[in-house]
Amino acid sequence: MGLLERLRKEWFILGIVLVIAVARLEPTVGVKGGPLKPEITITYIAVSAIFFNSGLSLKTEELTSALMHVKLHLFVQIFTLVFFPTAIWLFLQLLSITPINEWLLKGLQTVGCMPPPVSSAVILTKAVGGNEGIVITPLLLLLFLGSSSSVPFTSIFSQLFMTVVVPLIIGQIVRRYIKDWLERKKPPFGAISSCVLLMIIYTTFCDTFANPNIDLDKFSLIIIVFIIFSVQMSFMFLTFLFSTRNNSSFTPADTVAIIFCSTHKSLTLGIPMLKIVFAGYEHLSLISVPLLIYHPAQILLGSLLVPTIKSWMVSRQKALKLTRQPKTPVKV
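Residues numbered from 1 in each chain as written. Predicted model: local features only at pLDDT ≥ 70, side-chain atom pairs only at ≥ 80, totals over all residues. Heavy atoms only, no water.

## What about the overall build of the protein?
For clarity, the cut-off: Secondary structure is summarised from DSSP: a helix means a run of H or I of at least four residues, a strand means a run of E of at least two, and numbering begins at the N terminus for each. For every residue, the accessible area obtained with a 1.4 Å probe (protein chains only) is divided by the maximum for its type, and the residue is called buried under 20%, exposed over 50%, and partly exposed between those limits. In this analysis, two residues are considered to be in contact whenever any of their non-hydrogen atoms come within 4.5 Å of each other.
Helix and strand counts for the protein stand at 14 helices and 0 strands. Along its sequence from the N terminus, the protein presents helices and strands in the succession α-α-α-α-α-α-α-α-α-α-α-α-α-α. Going through the 332 residues of the protein one by one, you find that 46% of them count as buried. Sequence separation of 24 or more characterises 83% of the internal contacts of the protein that already satisfy a separation of 6 or more.

Shown next as structure tokens:
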């Protein structure tokens, strides 16, 4: 793959770096009360646009079919929304006595509370040839995030309902009437959401760079990057062990879905969520940093592991097929 093709494929990650750099150069444009008026355009319009777009792109028939894999979804939900955040919380109790920036550690906890993304987990699962095992439960996510915020839970819930749930439902309703047109034209839903997300990231960092009291030391950042890669590798290995036990009854394709869907985290849902849950926090951008690192890290690790996992899955499927074939009687 050529350099230009690689850059075109990873444009969103490059976009994150670019908008942070632009925010650093001219933060006054995107600060609260600035020309972009992010308290209105981002908090309400941009977030609503992302989830209206998600509603339009969400194929209900595929979601209904996916729900039939009850045991697989139960495993993913328990691991993602119970084991993952609990394990991170216990780990952070040890890290709290270290000199690592406390806001980055809070950011790690919010990463643990995020659901898996529809985008990268599904793409990597398809690349291997596995099943798409994703059902997101935003209410449980809200319970995890709400407990760590000073914003009243009722306020968080009402704003999330208006900017997340309502646009999602409207998008689904609109989809019913223009389904044929959408199937025919195939609009770039992912690119649209990514562009809006870049706007949200830009304004978040404008607030940070406009505040002289916020400082991010390089030591903390390097340690956080190391922790994120270590956590992802450890949890991917752990899900592989759990799902390949003799009594697990998961197929090799199910295992692939579990590995990716249980360990990946949603940036598209995560950044708007943080913007709402931690509204008014001057350290919001620092809280967002671990999630911004986690996103490219999960894509990078996933891409590197796809050939190995695919090779394992194919050989495992062949082995299972051979063991299930009836033995032909030997003629005397």
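From this point, things continue past the structure.
## Here's the deal with the packing of helix H6 (residues 102-113) against helix H11 (residues 218-243)
So the rule is basically this: With axes taken as lines fitted to C-alpha atoms, and helix axes fitted only over the stretch in contact, angles between N-to-C directions fall between 0 and 180 degrees. For classification purposes, an angle smaller than 35 degrees is called roughly parallel, one larger than 145 roughly antiparallel, one from 65 to 115 roughly perpendicular, and anything else oblique. Each crossing gets its handedness from the near helix: less than a right angle anticlockwise from the far helix is left-handed, clockwise is right-handed. Side-chain classes follow a simple rule in which Ala, Val, Leu, Ile, Met, Phe, Trp, Tyr, Cys and Pro form the nonpolar group, Asp, Glu, Lys and Arg form the charged group, and the remainder, Gly included, forms the polar group.
Across the interface, H6 lies against H11 with an axial gap of 10 Å and an inter-helix angle of 20°. Taken together, the axes of H6 and H11 lie roughly parallel to each other. Helix-helix and strand crossings are classified by hand; for H6 and H11 the assignment is right-handed. In this structure, H6 contributes Leu104, Leu105 and Leu108 to the contact, and H11 contributes Ser220, Leu221, Ile224, Ile227 and Ile228. Taken together, the residues that form the contact of H6 with H11 break down as 7 nonpolar, 1 polar and no charged.

## Brief notes about helix H5 (residues 70-95)
This is how it is decided: In a helix, the anticipated span is given by 1.5 Å times the number of residues less one. What we call the bend at a residue is the angle made by axes fitted to the seven residues finishing there and the seven residues starting there.
For H5, spanning 26 residues, the distance from its first C-alpha to its last is 36 Å, which sits close to the expected 38 Å at 1.5 Å a residue. For H5, the principal kink sits at Phe79 and spans about 35°.

## Considerations on the environment of Phe235
Here Phe235 is to be found in helix H11. According to the relative accessible area criterion, Phe235 is buried, its value standing at 9%. When residues no more than four places from it in sequence are discounted, the contact partners of Phe235 are Phe79, Phe83, Phe84, Ala87 and Thr263.

## Focus on the packing of aromatic side chains
Our working rule: Put simply, two rings from Phe, Tyr or Trp (the six-membered ring, in Trp's case) pair if the centres are within 6.5 Å, and we call them stacked under 30 degrees between planes, edge-to-face over 60, tilted for the rest.
Per the counting criterion, the structure on display carries 9 aromatic pairs. Judged by centre distance (4.9 Å) and plane angle (35°), the rings of Phe79 and Phe83 are tilted. One end of the pair is Phe79 and the other is Phe83, both in helix H5 and 4 residues apart, which spans about a single turn. Its relative accessible area of 33% is what places Phe83 among the partly exposed residues.

## Quick notes on the side chain of Thr203
Using the following cut-off: Side-chain atoms alone can form a polar contact between residues adjacent in sequence; in general such a contact is a pair of N or O atoms within 3.5 Å, and within protein one must be able to donate a hydrogen while the other accepts it.
Within the secondary structure, Thr203 is located in helix H10 (residues 189-209). Only 3.0 Å separates the side chain of Thr203 from the backbone oxygen of Ile200, close enough to count as a polar contact.

## Let's talk about the environment of Glu102
When you line up the elements, Glu102 lands in helix H6. Linking Glu102 and Leu92, residues 10 residues apart in sequence, is a C-alpha distance of 9.8 Å.

## Re a nonpolar patch on the surface
Basically, it comes down to this: Like charges within 9 Å and nonpolar side chains (Val, Leu, Ile, Met, Phe, Trp, Tyr) within 5 Å are joined into patches, using only residues over 30% in relative accessible area that form no salt bridge. Residue burial considers only the protein chains on display, and all accessible areas are found by Shrake-Rupley using a 1.4 Å probe. Each salt bridge in this description consists of a side-chain nitrogen of Lys or Arg and a carboxyl oxygen of Asp or Glu lying within 4 Å of one another.
Taken together, the side chains of Phe161, Met162, Val165, Ile169, Ile173 and Tyr177 make up a nonpolar region of the molecular surface, amounting to roughly 630 Å² of accessible area. Along the polypeptide, Ile169 turns up in helix H9 (residues 153-185). For Ile169, a relative accessible area of 45% translates into the label partly exposed.

## Some points on the nonpolar core
Threshold: Remark: nonpolar core denotes a set of buried residues (Ala, Val, Leu, Ile, Met, Phe, Trp, Tyr, Cys) joined through side-chain atoms within 4.5 Å.
Counting 61 residues, the largest nonpolar core has Leu197, Ile200, Ile201, Ile224, Leu267 and Ile271 as the members making the most contacts within it. With 9 residues, the top contributor of residues to this core is helix H14 (residues 284-324). If we skip the residues at most four places from it in the chain, Ile271 touches Leu197, Ile200, Ile201, Ser288, Leu291 and Leu292. Membership of the second largest hydrophobic core comes to 8 residues, among which are Ile259, Phe260, Ile309 and Met313.

## Quick word on the pattern of salt bridges
Applying the stated rule across the entire model yields 1 salt bridge. Here Arg175 makes a salt bridge to Glu183, at a shortest N to O gap of 3.1 Å.

## Regarding the environment of Phe79
For Phe79, a relative accessible area of 4% puts it in the buried group. Remark: the alpha-carbon pair of Phe79 and Ser262, spanning 183 residues in sequence, is separated by 6.2 Å. Ignoring anything within four residues of it in the chain, the contact list for Phe79 reads Phe84, Pro85, Phe235, Leu238, Thr239, Phe242 and Ser262.

## A short note on unusual backbone geometry
Despite not being glycine, Lys37 has its phi angle at roughly 50°, a positive value. Mapped onto the elements of the fold, Lys37 is located in the loop between helix H2 (11-25) and helix H3 (38-57). What makes Lys37 partly exposed here is its relative accessible area of 38%. For Lys186, which is not glycine, the phi dihedral falls at a positive 50°. Using a relative accessible area of 58% as the deciding quantity, one classes Lys186 as exposed.

## A few points about the side chain of Ser262
With respect to the helices and strands, Ser262 occurs in helix H12 (residues 252-263). Ser262 gets classed as buried once you look at its relative accessible area, which sits at 0%. A distance of 2.9 Å separates a polar atom in the side chain of Ser262 from the backbone oxygen of Ile258.

## Quick word on the packing of H10 against helix H13 (residues 267-277)
Packed helices, taken two at a time, are described by the angle between their axes plus the distance between the axes. Relative to each other, H10 and H13 sit at 40°, their axes nearing to 10 Å. One element, H10, and the other, H13, form an angle in the oblique class. The interaxial crossing formed by H10 with H13 has left-handed handedness. Contacts from Leu197, Ile200, Ile201, Thr203, Thr204 and Asp207 of H10 reach H13 at Leu267, Thr268, Ile271, Pro272 and Lys275. A class-by-class count of the residues in the contact of H10 with H13 yields 6 nonpolar, 3 polar and 2 charged.

Nothing here speaks to function; it is all geometry.
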